[in-house]
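One letter stands for each residue in the lines below.
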Amino acid sequence: MGRKAQKNDSLPGSLDMLILRTLSLRDLHGYGIVQFIQQSSDNELLVEEGSLYPALQRLELNGWIDGVWGVTSNNRRARIYKITAAGRKQLAVETRQYAKLTLAIARVMGAG
Amino acid sequence: MTDVLRRLRYWIESAKRSEALREEMELHLAEKAAELQADGMTAERARSEARRRFGNVGLKHEESREIWVTRFWSELGQDVRYGCRTMTANKAFSALAVLSLALGIGANTAIYSFMESILLRSLPVADPESLVVLNWHSRPPQEGSREWVIHGLQGLFWPGDKGTLVSGIFPYAAFETLREGNPVFSTLFGYFNGHNRNLAVRGQAASASSEYVTGDYFRGLEVLPAAGRLINSEDERAGAAAVAVISFATSQNRFGGPANAIGQSILVDNIPFTVIGVTPPEFFGVDPAVAPDLYLPLHTNVLVDGTGAARMYGDGNFYWIEMMGRLRPGVSIAQAQAALAPHFHQWVATTAKTDGERANLPALILNPGAEGLGSLRRQYSKPLYVLLAMVGLILAITCANIANLLLARAAARRREMAVRLSLGAGRFRVVRQLLTESVMLASLGGALGVLFAIWGVRSLTLLLSNGREDFTLHAELNWSVLGVTAALSVVCGLLFGLAPAIQSTSPDVMPALKNGRGGGPRRRAQHVLVVAQIAVSFLLLVAAGLFVRTLNKLHSVQLGYARENILLFSLNARQAGHRDPEMATFYANLRKRFESIPGVSSATLSQSSIISAGMAGGAYRGTMKIGAVTGVTIVGAGVMAAGPRFLTTMQIPILAGREIDERDQPGSPSVAVISERLARTYFGNENPLGRRVTFVDEKRDLEIVGVSANVRYGGLKEGSPMTVFTAASQFPPDRVTYALRVAGDPLTYVRSVHEVVREADSRIPVTNVFTQAAEIDRTISREITFSKLCTGFAVLALLIACVGLYGTVSYSVARQVGEIGIRMALGAQRGAVVWMVLHRVLLLAAVGLAISVPAALSASQLVKSFLFETQPNDPGTLALAGVVLLSAAILAGYAPARRASRIDPLAALRHE
């Protein structure tokens, strides 16, 4: 942990997308999602842990994910989140938009 | 919409979810701390580090909660605040809308609370659903034939399907037969109406309604006493002490509370009883129409009514006792009926004496008993449905009116909506906000309406009871009524808010943004609403016209006797222990004493008032012959026992001979005075004086000593002018009605009357104190109620429709300012402009009328049974209603028309 990890605030709204993406791979509880995002980004992305929960509530309220009580890998009671069909659709939309955006940014940077 | 539902569910589960969220966060912190600890931190440091990285736990929790909780409600709060602002910005509009809604909702609530108390409420006993009432139905014998297994009836019966009679009264033996070994009832109990009795408590006499009940009555109803104990089967045994149970209200009025009443001695028609118990406050027996003050064991009627009453127990052809049963658990009414009907049939067949009787036996039917006996339902359900239909129509036009005003306002707010929509507000969001506004209006209207309803219920009770002391119909605003009112308010709000909300947010916002003036469809919608209001108002006007006309017809019926300056009241000396022949003297002496009260010019007595004669039973009901012993049978005449000076007091002209007077004593020859119609019918131009009337069943001959003018005897509608007056001294009634002819207001003599009666015998209560006019009006109370209410309703409807018309026309005039300006600039006269506007008003009214006249013609058939000497399609009434409507429309349209004609063409064109 020598260098400072980048906080995920460069792309507002991308936290939702990251959560959806994570859950599209496997069902996880809150802490698991944080860990997964950090690990799969090689600790480049550091989720502000407190912000995770409002985001989860928002996603659930929109019907994109669904939380049920279950048990974690080390046998503790936790709410395990699953992605719903509507969530997968939303993920596809956001992925497309994200791709467009990064492409556009890359073009600008390339032109410079 | 599922979105809204999910939000609502989240909100409802908010406490649970909040707890779950907390647990989730705790777990997160614990896992984080564990990880940090595994990396080598001390437990304590790891925990605080985990917290530090997480951020403010409480704040995050609050933020997460807000996502599901507040968005929904904060938006609602915004809408409500915005609604309040809009409402206060348009004070006149809001006040008008709220007031008219309050009237509409209040009227509906008042009528509905009556319906609820009569048609929907269950008996206040345990498990009312398992109670059943036993009835029978049978074809009554054809005219002339007397072959019917039912030789006598004492109780109520009413018409059923296809010309049958339905009743709930049975012979006592039927009750015993059905009670014994029936597999379907856990209890079967009987009762019969003992009517009004003289109840004396510590020497104070008053009239009290009574019910005779079998020993299982209270056990079957599962009623628990408020004090003491209730009547049980022990009290029914031969030789048991005479005991009585009184109602809660009676215990309070007569004893000062339930506890004080227990063990007290009372006199019921001068027979001693002991009070053993008090019923609970909410209990009113099995018939909401009766609500007895006094419950007596069944067989004590022999004590009270004399040994003659014992005969009814043994007579299998005399029908009098009513029955109710409580179903055993798991038994349905249909099963019970299937089990009991053959049983009853078998029994009733044994009471038939001839083949004719056997051919037409009554058949047993079981009806649900949860609501109690249906006498009030039968009497009031149809009038209440008619009234409910009317107030429903009023509410409908109120809604139409507000929708109309909102449409006009929506047009004015169209730019606002267009701006909001183009700035990105969701259409649903804007509609929701508009609906919140209209539901707020409606809720305010509903709240105010409850106040109107309280007042309405009071005045309607007053109107319906019409001075009757024993009026038992009590409506109240309970939770179920208030719930309906609340639902009604919300539905109204949605109803009148939805169309304007959807229209004003229609997606084509561009034209609105461009010119700010609305297009065509809204005006059409407004016109449709106005036409509908006019049509409905016309319906109500026609109804009011028909009922007022009916009342006028009833009031113009030739009574043949005096209506004013007469005081009526009743006494029942037999119930206070007087017996024949002393009783007749007692009554006769009282009459003289009443006559000596200063201001009383004459006093008389009769078995009942003339208007209610026949209801109380005539002096004689059997076959009558006239002329000689072998003479002609009289058909359709009433017999009334009357005392001296009856014709004088009632101001009935004596056409020949004399009236009944002091000469007619029990020992002297029986006399009769007949009415002119009777004399003409049977004697033509011959002199009837000295001829005879024969009461065949009693084998009595009466000499005709006088001829009176015709009187409307027994009811304004169906009254007959054929009357035989007999001398009260020779045909003594138990209960008499005195009539005093007085100077000035009859009611000022009531005190003197009470004094005279108290002096004569303090045990006798004075009952049914009315003026003659009130007594007559009592028989047409429904017609009076209807004509008053309907007139009120029609005026209200007309007013609302006029406001709607005025609003619509004003609005369209405001929008046509430019056009009118051009016309006037081109030389149009003011008159022409007025006519242009009025022309439109009349067109709208005419279309409304054209729709409404056929509707009125068919709808008025429904109220045919409420009318008297008035055809449902009475052309005069229709024409009058049309004229009133058109004049009102012109009046409503004239103000905007005048305003249009005052438009300054220059100003108008500049404005354009």
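No experiment lies behind these values; they were computed from the predicted model shown.

## Considerations on the overall build of chain B
- When helices and strands are counted, chain B shows 30 helices and 27 strands.
- The globule rule puts the C-alpha radius of gyration for 912 residues at 29 Å, and the 37 Å found for chain B is more than 25% above it.
- On the principal axes, the C-alpha backbone points of chain B span a range of 115 × 95 × 60 Å.
- Residues counted as buried form 44% of the 912 residues belonging to chain B.

## Structural notes on the overall build of chain A
- Counting secondary structure elements, chain A contains four helices and five strands.
- Going from the N terminus to the C terminus, chain A shows its helices and strands as β-α-β-α-β-α-β-β-α.
- Contacts spanning at least 24 positions in sequence make up 50% of the contacts within chain A whose residues lie at least 6 apart.

## Quick look at the environment of Val430(B)
Residues and elements named next belong to chain B.
- With respect to the secondary-structure elements, Val430 resides in helix α17 (residues 427-465).
- Owing to 17 C-beta atoms within 10 Å, Val430 belongs among the partly exposed residues under this scheme.
- Sequence separation between Val430 and Met87 is 343 residues, and the spatial gap between their C-alpha atoms is 17 Å.

## Here's the deal with the domain arrangement of chain B
- Along its sequence, chain B is carved into domain 1 (2-68), domain 2 (128-305 + 317-370), domain 3 (380-554 + 782-911) and domain 4 (574-763).
- For domain 3 of chain B versus domain 4 of chain B, the separation of C-alpha centres amounts to 56 Å.

## Focus on the confidence of the model for chain B
- Averaged over every residue, the pLDDT of chain B is 85; the share at 70 or more is 94%.
- Reported for the predicted complex are a pTM of 0.72 and an ipTM of 0.81.

## Concerning the interface of chain A and chain B
- Taken together, the contact pairs 14 residues of chain A with 19 residues of chain B.
- Going through the elements one at a time, α2 (30-40), α3 (49-61) and β5 (77-83) of chain A are the ones with two or more residues in the side of chain A that touches chain B.
- With seven residues, α3(A) is the single largest residue contributor to the side of chain A that touches chain B.
- Here the residues of the side of chain A that touches chain B are counted per class, giving five nonpolar, four polar and five charged.

## Quick word on the sheet that holds strand β4 (residues 65-71) of chain A
All names here are of chain A.
- Strand order in the open sheet made by the three strands is β2-β5-β4, with antiparallel pairing throughout. Edge positions in the open sheet fall to β2 (28-29) and β4, since each of these has one partner strand only.
- Pairing of β4 with β5, which is carried by seven bridges, proceeds in the antiparallel orientation. Counterpart to Val71 in the pairing with β5 is Arg77.
- Sheet strands in contact with helix α1 (residues 14-25) are β2, β4 and β5, and its direction is about 95° off that of β5.

## A word on the packing of α17(B) against helix α18 (residues 479-504) of chain B
All names here are of chain B.
- For the pair α17 and α18, the least separation of the axes is 7 Å and the interaxial angle reads 145°. When the axes of α17 and α18 are compared, the crossing they make is right-handed.
- Counted by class, the contact of α17 with α18 contains 17 nonpolar, nine polar and no charged residues.

## Section: the environment of Ala50(B)
All names here are of chain B.
- If you trace the backbone, Ala50 turns up in helix α3 (residues 43-54).
- According to the C-beta neighbour criterion, Ala50 is buried, with 21 such atoms within 10 Å.
- Distance in space between the C-alpha atoms of Ala50 and Ala34 is 9.1 Å, their sequence separation being 16 residues.
- Aside from chain neighbours lying at most four places away, what touches Ala50 is Leu29, Lys32, Ala33 and Leu36.

## Remarks on the packing of helix α6 (residues 91-120) of chain B against α18(B)
Residues and elements named next belong to chain B.
- Running from amino to carboxyl end, α6 crosses α18 at an angle of 145°, the nearest separation of the two axes being 10 Å. Helix-helix and strand crossings are classified by hand; for α6 and α18 the assignment is right-handed. Each of Leu101, Ile105, Asn108, Thr109, Tyr112, Ser113 and Glu116 in α6 lies in contact with α18, whose residues at this interface are Ser480, Val481, Val484, Thr485, Leu488, Ser489 and Cys492.
- Of the residues contributing to the contact of α6 with α18, the split by class is seven nonpolar, six polar and one charged.

## Describing unusual backbone geometry
Residue and element names in this part refer to chain B.
- A cis amide bond, omega 0°, links Asp580 with the succeeding residue Pro581.
- Note that Pro581 resides in the loop between β16 (566-572) and α21 (582-595).
- The phi dihedral of Asn565 is positive, around 60°, even though this residue is not glycine.
- Following the sequence through the fold, Asn565 ends up in the loop between α20 (521-555) and β16.

## Remarks on α3(B)
Residue and element names in this part refer to chain B.
- The end-to-end C-alpha distance of α3 is 17 Å, a good match for the 16 Å that twelve residues give at a rise of 1.5 Å each.
- Within α3, the full set of buried residues consists of Ala46, Ala50 and Phe54. The buried residues of α3 all sit within an arc of 65° when viewed along its axis, so they share a single face. Counted as exposed and oriented over 90 degrees from the buried face of α3: Glu44 and Arg52.

## Describing helix α16 (residues 414-422) of chain B
- If you check which residues of α16(B) are buried, you get Arg414(B), Met417(B), Ala418(B) and Leu421(B). Seen end-on, α16(B) carries its buried residues on one side only, within an arc spanning 100°.

## Quick notes on the environment of Pro288(B)
- Assignment of secondary structure puts Pro288(B) in the loop between β11 (271-278) and β12 (294-297).
- In this structure, the C-alpha to C-alpha distance between Pro288(B) and Ala672(B), residues 384 residues apart in sequence, is 42 Å.

## Here we look at the nonpolar core
Residue and element names in this part refer to chain B.
- Ala244, Val268, Ala672 and Leu740 are the most contacted members of the largest nonpolar core, which totals 137 residues.
- Looking at this core, the element that brings in the most residues is strand β6 (residues 185-201), giving seven residues.
- Residues lining this core come from more than one domain, with at least three contributed by each of domain 2 (128-305 + 317-370) and domain 4 (574-763).
- Of all hydrophobic cores here, the second largest spans 101 residues; its members include Leu406, Leu407, Leu789 and Leu844.

## Details of the confidence of the model for chain A
Residues and elements named next belong to chain A.
- The predicted model of chain A averages 81 in pLDDT, with 87% of residues at 70 or higher.
- Confidence scores differ between elements of chain A, with strand β1 (residues 6-7) showing the lowest mean pLDDT of 43 and β5 the highest of 89.
- The low-confidence segment residues 1-10, where pLDDT is below 50, has 13 contacts with residues more than four positions distant or belonging to other chains.

Conventions we followed
Residues numbered from 1 in each chain as written. Chains lettered and ligands numbered in written order. Predicted model: local features only at pLDDT ≥ 70, side-chain atom pairs only at ≥ 80, totals over all residues. Helix = DSSP H or I, 4+ residues; strand = E, 2+ residues; numbered from the N terminus. Rg over C-alpha atoms; globule rule 2.2 N^0.38 Å. Buried ≥ 20, exposed ≤ 12 C-beta atoms within 10 Å, placed from the backbone. Contact = placed C-beta atoms within 7 Å. Domains from an automatic or database assignment. pLDDT = per-residue confidence, 0-100. Nonpolar A, V, L, I, M, F, W, Y, C, P; charged D, E, K, R; others polar. Pairing = 2+ DSSP bridges. Axes fitted to C-alpha atoms, helices over the stretch in contact; angles between N-to-C directions. Left-handed = near helix turned anticlockwise from the far one by under 90°. Expected span 1.5 Å × (residues − 1). Arc of directions from axis to C-beta. Core = buried A, V, L, I, M, F, W, Y, C linked by C-beta atoms within 7 Å.

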